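# Breakdown of the fold
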Amino acid sequence: MTLYRLGRRFISLSLAATGLAIALSTTAQAATEWDMPTPYGDRTFHTVNIREFADDVREKTDGELDITVHANGSLIAHPEIKNSVRRGIVPLGEVIMSRLANENAIFEVDSVPYLASSYEQARTLWEASKEIIDEELAKQQLRLLFTVPWPPQGIYTQDKVSTIDDLENLKMRAYNKSSERLAQLAGAVPTQIEVPDIPTAFSTGRVDAMVTSPATGADTKAWDYLGNFNHAQLWLPKNMIIVSERAFGRLDDETQQAVLDAAKEAQERGWEMSRQETEDALKELSDNGITVSEPSEELAASLEEIGNTMTEEWSERAGEQGQQILDSYQQLQQ
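As a starting point, this report considers the structure included with it. Just so it is clear, the model here is predicted, and its values are computed rather than measured.

The full count for this structure, using the stated rule, is 19 salt bridges. Between Glu-52 and Arg-269 there is a salt bridge; the shortest N-O distance is 3.3 Å. You can see Glu-52 sitting in helix H2 (residues 45–60) and its partner Arg-269 sitting in helix H9 (residues 253–287), a full 217 residues away along the chain. The exposure class of Glu-52 is partly exposed, given its relative accessible area of 31%. Lys-238 is paired through a salt bridge with Asp-110; the nearest N and O atoms lie 3.3 Å apart. A residue pair is termed long-range when its members are at least 10 positions apart, and Lys-238 in strand E10 (residues 238–244) and Asp-110 in the loop between strand E3 (92–96) and helix H4 (119–138) qualify at 128 residues. Each member of the pair, Lys-238 as well as Asp-110, is classed as buried. One salt-bridge network, held together by shared partners, links Arg-43, Asp-219 and Glu-284.

Here we come to H4. At 3.6 residues per turn, the α-helix brings residues three or four places apart onto the same side. An ideal rise of 1.5 Å per residue puts 28 Å on 20 residues; H4 measures up with 27 Å between its terminal C-alpha atoms. At Ser-129, H4 shows its strongest bend, of approximately 45°. Taken as a whole, H4 has its buried residues at Tyr-119, Ala-122, Thr-124, Leu-125, Trp-126, Ala-128, Ser-129, Ile-132, Ile-133, Glu-136 and Leu-137. Structurally, H4 contributes buried residues whose contacts are with strand E4 (142–149), E10, H9 and helix H10 (297–333).

Cut-off values and rules
- Residues numbered from 1 in each chain as written.
- Predicted model: local features only at pLDDT ≥ 70, side-chain atom pairs only at ≥ 80, totals over all residues.
- Heavy atoms only, no water.
- Salt bridge = Lys/Arg side-chain N within 4 Å of Asp/Glu carboxyl O.
- Helix = DSSP H or I, 4+ residues; strand = E, 2+ residues; numbered from the N terminus.
- Buried < 20%, exposed > 50% of the residue type's maximum accessible area, 1.4 Å probe, protein only.
- Expected span 1.5 Å × (residues − 1).
- Bend = angle between axes of the 7 residues up to and from the residue.
- Contact = heavy atoms within 4.5 Å.

Just distances and angles here, no functional claims.
In structure tokens, the structure reads:
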């Protein structure tokens, strides 16, 4: 082989090696892409907050971690989100915490009537319960990134509710064990309905009433199918954003910290958004013809009695962990 040919071959091999190195470098630097399912529509403040979280992660990591949010149950239905994250089908997702009550009663601590019915109480209750909930999720290789509460839950009906008897035999939409049990104790008939199906469920007569937030009522345009909202402020359920520990562990330290920083910001922002959403949604309901009222003394007394019953039932189901939460909650309130 001549020196000329040897030279050309060397150059060709060098160029090939350089191209391979560039290709490998590009692959190594390619963004990690995560799909994130959420149960709620784009208009819901939870979804708005989560999209901001995804934007913050993208910015903090210079695009190295790219989270695509799939709203309104479009990727995975609400009942399947938690298990999909646990099984690695998706790396992270959003789920209302009380949906996991069948696994462990501690997950419905924020849905016990009147245990915490204000934002201040809800935050204190979360501080009292966070460590135990973190531990339970960790057993399933799940990490809690942040939580954001819904506005206080109230009662939607076609006609005004003055006493607990006005709810008797009504088909009441339920979304967790607490709303199901509340319906039973009030003499109503609990019916499982997801948020995207609410308008159709009312229009077809599948349900006559529901316990949910002012935000959900506004998002689903409750004035199209209901006439009254009783701002009973029963509880403030929280949504959790959870991530697979396996997926999180694949990120380098710097990216992990960026995710945690963005999550902390999203939690604080989300709580403030929830407070504002309560005011805005109540006004929107009223402006669109919904009669917004507070519970009468008789109704309030009945709901308090139901709350006491459900607190006792929850404490029995939650056992030692539940008692630890209640003791901590009491201490933090002092």
